[in-house]
Amino acid sequence: LSQGFRGTVADFPDFDANGDAEALYNAMKGFGSDKEAILDLVTSRSNGQRQEIRSAYKSLYGKGAGTDEKCLIEILASRTNQQIHDLVAAYNDAYGRDIEQDIIGDTSGHFKKMLVVLLQGTREDDGVVHEEVIEEDAQALFAAGEEQWGTDESIFIMLLGNRSVTHLQLVFDEYQKIAEKSIEDSIKSELSGDFERLMLAVVQCIRSRPMFFAKRLYKSMKGLGTADNTLIRIMISRSEIDMLDIRECFRLRYEKSLHNMIQDDTSGEYKRTLLKLCGGDDDIAGEFFPEAAQIAYKMWEISAMTKVQLRGTVHPISDFDPGSDAQDLRKAMKGFGTDEDTIIEIVAKRSNEQRQEIRHVFKSILGRGAGTDEHALIEILVTRSNQEIQDMCAAYKKAFKKNLEDAIRSDTSGHFCRILVSLAQGARDEGPADMGRAEEDAQALADACNAESDEMMDKFMSILCTRSFPHLRRVFQEFVRCSNKDIEQIIKKEMSGDIKNAMYAIVRSVKNQPSYLADRLYKAMKGLGTDDRALIRIMVSRSEIDLFNIRKEFKDTHDTSLHDFIQVEALVGDTSGDYRKTLLILCGGED
């Protein structure tokens, strides 16, 4: 783990609480305020010093700053034993009441029980590992949830509320082997409501507190409006503890720096204060901080271990009659106006194979087709299987009387052309990871980062365009170990244009393809206007494959469901009317 001071705010030398309190009073009295003086003072004093200033200010001028006691889940899931003990004492001092009794009075059920367990501040020290019961604990969690009808919540509370961080990290690894899914996915399927959110927060903090806070910060700023209480609380409370690690985790997960997101999402003195607490910008590809390197390595390991059951939202209908559907479509579209409900009912509730049969019959009736969309070569060639690519090439040749490879060569050039042609072969390895070869490939990529541009591209292409996805997951994991760098950031820094987009799409798809496609959907709808081709292509092409998984990733990343996002975009963007109805049917439901 990271060593030494990892915060961005330290004790101010020659500190004088009364002098600072007087300076703040003078800066705020009269008409207007001296914002520079206030900003410089509050962002350059440690939390302990700010509390002394607060006491001095209250005794001198009779004002109090108030207290924010929100977000019980975040606070109790993320604090150490000592911090919780200090919190309990401070609450009693401030309100003359026992926080445990207040929590018992205001909450209920398993959520209350877990909060009370955490409030004791009795989690085992990090160094305590009971090696003899790691597998037993993992099996107990599995038996309490996935292996039975209903869930034995008491097992989850007992183990997750008391075992040490190090012990539970090993338990989670063992659980993954037993259940073939992460503990987080099991919690999401077995628990619900505030209890589910609390247990997920506990697990995330056990895996990595900095990553937990990075996610909380991202969600506090993205979308419409800003969750100011969350943003302020985290920026202040972590500025003396692990803000540097949070910044690195933020960049690792969201591909932009915390500094830049604050800059884009806030304004005025508020922004300047947050940026001072942030302490700097990390929007460059550099070496990992120690904890971030471990997190990156672990992320690839989890990606390699996780077995995902792909689930679509559209299935073939029984008693299918392509002739009848084609006739119904023709009737729905001829004459004055169109019968949109009939069209939507047919095109959104038939499988792709069934739609192709309808298209064939429709063409024989009317003698014309609906055209073909050949956009987004990168997305298509990166995310399709070998068989799908081979079928696509055959369909392309049948439709246009020429090879797709020849079309690519005529429309593109250089390294980008070579990448697409390689992918268009549909000849990527399909076997499992070869650990010995993965280490060699990782070292070859690391060495290529220091080579000339053309040599680097040749090596990246020879590995990223040909190795199997399971193998590449291990390659990218070992790349972290041998280079202490992030493969995604290297691509963003060292490459540009279509080449960067293609290589980046490969890495994202290898890591988590539903997550990559969820991000593509988000970008297709956010901002001014809608990228209709990308939106339609993904919703239609993935509806029979993994749109359910994409929905899950969309909600996890963007804190809103795909269904709701389509609905909102219908109000502020271009996805309205029958277009929206069709997208929502393909989406398959609310999450």
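Residues numbered from 1 in each chain as written. Predicted model: local features only at pLDDT ≥ 70, side-chain atom pairs only at ≥ 80, totals over all residues. Heavy atoms only, no water.

Under an unreviewed UniProt entry, the name given to the chain is Annexin, and the organism recorded is Astyanax mexicanus.

Participant: Give a description of the packing of aromatic side chains that names residues and reports values.
Facilitator: Per the counting criterion, the structure on display carries 10 aromatic pairs. Look at Tyr396 and Phe400: their rings are 4.8 Å apart centre to centre, the planes differ by 45°, and that puts the pair in the tilted class. With a gap of four residues between them, Tyr396 and Phe400 both fall in helix 23 (residues 386-400), about one helical turn apart. Taken together, the aromatic side chains of Tyr218, Phe250 and Tyr254 make up a single cluster linked through ring pairs. Positioned above the aromatic ring of Phe12 is the side chain of Arg45, whose terminal nitrogen or guanidinium carbon lies 3.8 Å from the ring centre. (Phe/Tyr/Trp six-rings, centres within 6.5 Å; stacked < 30°, edge-to-face > 60°. Helix = DSSP H or I, 4+ residues; strand = E, 2+ residues; numbered from the N terminus. Lys NZ or Arg CZ within 6 Å of the ring centre and 35° of its normal.)

Participant: Which residues make up the packing of helix 13 (residues 209-221) against helix 15 (residues 243-254), and what are the values?
Facilitator: Direction vectors running N to C along helix 13 and helix 15 enclose 65°, while the axes themselves pass 8 Å from each other. Judged by the inter-axis angle, helix 13 sits roughly perpendicular to helix 15. The two elements helix 13 and helix 15 meet at a crossing, and its hand is right-handed. Contact residues: helix 13 offers Pro210, Met211, Phe213, Ala214, Lys215, Leu217 and Tyr218, while helix 15 offers Asp245, Ile246, Cys249, Phe250, Leu252, Arg253 and Tyr254. (Axes fitted to C-alpha atoms, helices over the stretch in contact; angles between N-to-C directions. Parallel < 35°, antiparallel > 145°, perpendicular 65-115°, else oblique. Left-handed = near helix turned anticlockwise from the far one by under 90°. Contact = heavy atoms within 4.5 Å.)

Participant: I'd like a description of the nonpolar core, backed by residues and values.
Facilitator: Core analysis: the largest hydrophobic core is formed by 137 residues, its most contacted members being Leu160, Met235, Phe460, Leu464, Phe476, Met503 and Met539. Broken down by element, the residue count for this core peaks at 15 residues, all from helix 30 (residues 497-525). By size, the runner-up hydrophobic cluster in this structure holds nine residues, among which are Leu24, Ala27, Ile53 and Tyr57. (Core = buried A, V, L, I, M, F, W, Y, C linked by side-chain atoms within 4.5 Å. Buried < 20%, exposed > 50% of the residue type's maximum accessible area, 1.4 Å probe, protein only.)

Participant: Which residues make up the packing of helix 1 (residues 17-28) against helix 2 (residues 35-42), and what values go with them?
Facilitator: With their axes 9 Å apart at the nearest point, helix 1 and helix 2 run at an angle of 150° to one another. In this view, helix 1 runs roughly antiparallel relative to helix 2, as classed from their interaxial angle. Considering only the axes of helix 1 and helix 2, their crossing is left-handed. Between helix 1 and helix 2, the residues in contact are Asp20, Ala23, Leu24, Ala27 and Met28 and Ala37, Ile38, Leu41 and Val42, respectively.

Participant: How would you sum up the pattern of salt bridges? Please name residues and give values.
Facilitator: For the structure on display, the rule yields 31 salt bridges. Taking the shortest distance from any N to any O, the salt bridge between Lys523 and Asp519 comes out at 3.1 Å. Taken as a pair, Lys523 and Asp519 lie in helix 30 at a separation of four residues, close to a single helical turn. The class for Asp519 is buried, based on a relative accessible area of 17%. In this structure, the salt-bridge partner of Lys552 is Glu553, at a minimum N-O distance of 3.9 Å. Looking at Glu553, the relative accessible area reads 16%, which means it is buried. One salt-bridge network, held together by shared partners, links Asp185, Lys188, Lys552, Glu553 and Asp556. (Salt bridge = Lys/Arg side-chain N within 4 Å of Asp/Glu carboxyl O.)

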